[in-house]
Amino acid sequence: MPIYESVMQEKPPIVLEIGTAYTKLGFAAEPSPRKIVRTEVVLTTTGCTKRLFDYDTTEQLYDQIVDFLQSIFFKNLLVSPKERKFVVVENTFGPTLFREKLARVLFVHFDASSVLFVPVHLMALSTLAVPTALVVDIGYSETSVMPVFSGVQIMSAFRDQSYGGRAVHAEIKRQLMEAGVKESLLSEGVLEEIKVRTCFVTTFERAQGYAKGGEDLPKPPPAVEFIVRNDDPDDEEMIQVPGRLRETAFEVMFEASNERDSLPHLILRSILDCTVDVRKSLIESVFLIGGGSMHAGLLARLKHELQHLLVHDSFYKTRFHGDLQFKFFPAVGHQNFTAWLGGALCGATDHVQTRSLAKDTYLKNEHVPDWSNLCDNRPTGS
């Protein structure tokens, strides 16, 4: 338990950010998560391990959330959740079913005293203490873009696409199998290790060279050998990661198409969905978060692509005016837990007392107010 619990009048809230691939967990007012664990659950009925979000029925989802949180409380945090306050960092447009089941598990099964749901993009921005930015969250299953102006999310300009860590893993797997590597060796963990340890985002010029094809392809970087360890510690195999794969795995996020749905286009179209008077402020305050934003070369490549589109793409040229330069905020700490850190800061303020969903209120109708529902968020009596 945290040392300061003995001297604090009230125990600090537990802060959770449950992502598709990883979950960050810890306590309010701390500078980093206590642990970052895979969002996987060991089922008490079978002992099998599976992803938390892989379920067939709502009852199965409820049971998996119970098992998952039980492991978090009693194995990782070593605290009792009873009468605890919680801060849950979530995507504004995340699955309603999951947040409803999560709330029910916390209130009914674990007897939590209150839960404060906070939006991931606003929480990330709160770590910078600035009111306006274009928050780009590159996660495992998707990439989302949310403009925030004067502390208010512009939900009508929210954009997301399904490329993220999962799409990069699929591309790495495809290229390795084409190179003759057995599929049985390419588990999700191995693909992630190859991505993190060997791959990088190439420059704009070299990417254009690969896209044109022909005989004048850029000379690829050196190939590297990667050891795959099986369940038996003495049983390991060596696979070769081609240099071209290392350099092109992330091109799934920058591929040009008629739909204009690559990462640079996603950002620009989100800005265009905002009113003219806020566009310049958003262009000059882009904030990248999420584990996918930490890869080498991504920031420089993205900035180059955005500036290139502003100058050379007629669609954007006629809609953006003036000498515009994209500027990026540096993250406080690591980008993969920036949103969690914002939740930890929020949990140390009086928002936990004034804006949380209390257990008594929840039990009256067993419903969690939705971010985008005006009826849910309208003040009482209006």
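Residues numbered from 1 in each chain as written. Predicted model: local features only at pLDDT ≥ 70, side-chain atom pairs only at ≥ 80, totals over all residues. Heavy atoms only, no water.

## Topic: the environment of Cys346
Here Cys346 is to be found in helix α12 (residues 338–347). Residue classification places Cys346 among the buried positions, given a relative accessible area of 10%. Not counting residues within four places of it along the chain, the set of residues in contact with Cys346 comprises Leu116, Val118, Met123, His351 and Val352. (Helix = DSSP H or I, 4+ residues; strand = E, 2+ residues; numbered from the N terminus. Buried < 20%, exposed > 50% of the residue type's maximum accessible area, 1.4 Å probe, protein only. Contact = heavy atoms within 4.5 Å.)

## Some thoughts on the packing of helix α1 (residues 58–77) against helix α2 (residues 96–109)
The geometry of a pair of packed helices is captured by two quantities: the angle between their axes and the separation between those axes. At a closest axis distance of 10 Å, the pairing of α1 and α2 adopts a crossing angle of 55°. Taken together, the axes of α1 and α2 are oblique relative to one another. In terms of crossing hand, the pair formed by α1 and α2 is right-handed. For the pair α1 and α2, contact is made by Thr58, Leu61, Tyr62, Ile65, Val66, Leu69, Gln70 and Phe73 and by Leu97, Phe98, Lys101, Leu102, Arg104, Val105, Leu106 and His109, respectively. (Axes fitted to C-alpha atoms, helices over the stretch in contact; angles between N-to-C directions. Parallel < 35°, antiparallel > 145°, perpendicular 65-115°, else oblique. Left-handed = near helix turned anticlockwise from the far one by under 90°.)

## Here we look at the packing of aromatic side chains
One pass over the structure, following the stated rule, counts nine aromatic pairs. Considering the side-chain rings of Phe315 and Tyr316, the 5.0 Å spacing of their centres and the 90° angle between planes classify their relative orientation as edge-to-face. Ring-pair connections join several aromatic residues into one group, and the members of that group are Phe73, Phe74, Phe86 and Phe110. Its guanidinium or amino end placed over the ring of Phe254, Arg301 lies 4.3 Å from that ring's centre, counting from NZ or CZ. Between the NZ or CZ atom of Arg319 and the centre of the ring of Phe315, over which it lies, the distance is 3.9 Å. (Phe/Tyr/Trp six-rings, centres within 6.5 Å; stacked < 30°, edge-to-face > 60°. Lys NZ or Arg CZ within 6 Å of the ring centre and 35° of its normal.)

## So, the side chain of Lys195
With respect to the helices and strands, the residue Lys195 is situated in helix α5 (residues 188–198). Within the structure, Lys195 has its side chain in polar contact with the side chain of His169 (distance 3.2 Å). Sequence-distant contacts of Lys195, that is, excluding residues within four places in its chain, are made with Gly165, Val168, His169, Ile172, Phe250 and His295. (Polar contact = N/O pair within 3.5 Å; in protein donor to acceptor, adjacent residues only side chain to side chain.)

## Topic: α1
Helical geometry: 3.6 residues make up each α-helical turn, so side chains three or four residues apart lie on a common side. Between the first and last C-alpha of α1 there are 27 Å, a value that for 20 residues agrees with the 28 Å anticipated at 1.5 Å per step. All of the buried residues in α1 are Leu61, Tyr62, Gln64, Ile65, Val66, Asp67, Phe68, Leu69, Ile72, Phe73, Asn76 and Leu77. Where α1 ends, the next residue or the one after it, Leu78, has phi of about 55°, a positive value. (Expected span 1.5 Å × (residues − 1).)

## Some points on unusual backbone geometry
A positive phi is found at Leu78, a non-glycine position, where the angle reads about 55°. The topology assignment puts Leu78 in the loop between α1 and β6 (85–90). For Leu78, a relative accessible area of 53% corresponds to the exposed category. Non-glycine residue Asp111 carries a positive phi angle of around 60°.

## Remarks on the pairing of strand β1 (residues 14–18)
For β1, the buried fraction is high: five of the five residues fall into the buried class. Here β1 shows a buried face lined by Ile14, Leu16 and Ile18 and a second buried face lined by Val15 and Glu17. Where β1 and strand β2 (residues 22–27) come together, five bridges link them in antiparallel fashion. Bridging across to β2, Ile14 finds its partner in Phe27. Here β1 folds back onto β2, and the loop between the two strands holds three residues. (Pairing = 2+ DSSP bridges.)

## Some points on the packing of helix α4 (residues 165–178) against α5
Two elements in contact, α4 and α5, have axes separated by 10 Å at closest approach and are oriented at 95°. When the axis of α4 is compared with that of α5, the two are roughly perpendicular. Note on element contacts: α5 touches α4 through Glu188, Leu191, Glu192, Ile194 and Lys195, opposite Gly165, Val168, His169, Ile172, Lys173 and Leu176. Looking at the contact of α4 with α5, its residues break down into five nonpolar, two polar and four charged. (Nonpolar A, V, L, I, M, F, W, Y, C, P; charged D, E, K, R; others polar.)

## What to know about the confidence of the model for the protein
Per-chain confidence: the protein averages 91 in pLDDT, with 94% of residues scoring 70 or above. This stretch, residues 3–8, has a pLDDT under 50; its non-local contacts, to residues over four places away or in other chains, come to eight contacts. (pLDDT = per-residue confidence, 0-100.)

## Notes on the pattern of salt bridges
In total, this model carries 18 salt bridges according to the counting rule given. For the salt bridge of Arg174 with Glu178, the shortest nitrogen-to-oxygen distance reads 2.8 Å. Of this pair, Arg174 and Glu178 both sit in helix α4, separated by four residues, roughly a single helical turn. Residue classification places Arg174 among the partly exposed positions, given a relative accessible area of 39%. (Salt bridge = Lys/Arg side-chain N within 4 Å of Asp/Glu carboxyl O.)

## A closer look at the sheet that holds strand β15 (residues 357–358)
In a beta sheet, neighbouring strands pair by backbone hydrogen bonds and run either parallel or antiparallel. Strands sit in the order β3-β2-β1-β6-β7-β15 across an open sheet of six strands; the sheet is mixed. This sheet does not close on itself; its edge strands, each paired only once, are β3 (35–38) and β15. Direction of pairing for β1 relative to β6: parallel, over a ladder of four bridges. What sits directly across from Glu17, in β6, is Val89. Against the sheet, α1 engages β1, β2, β3 and β6, with an angle of about 50° to β2.

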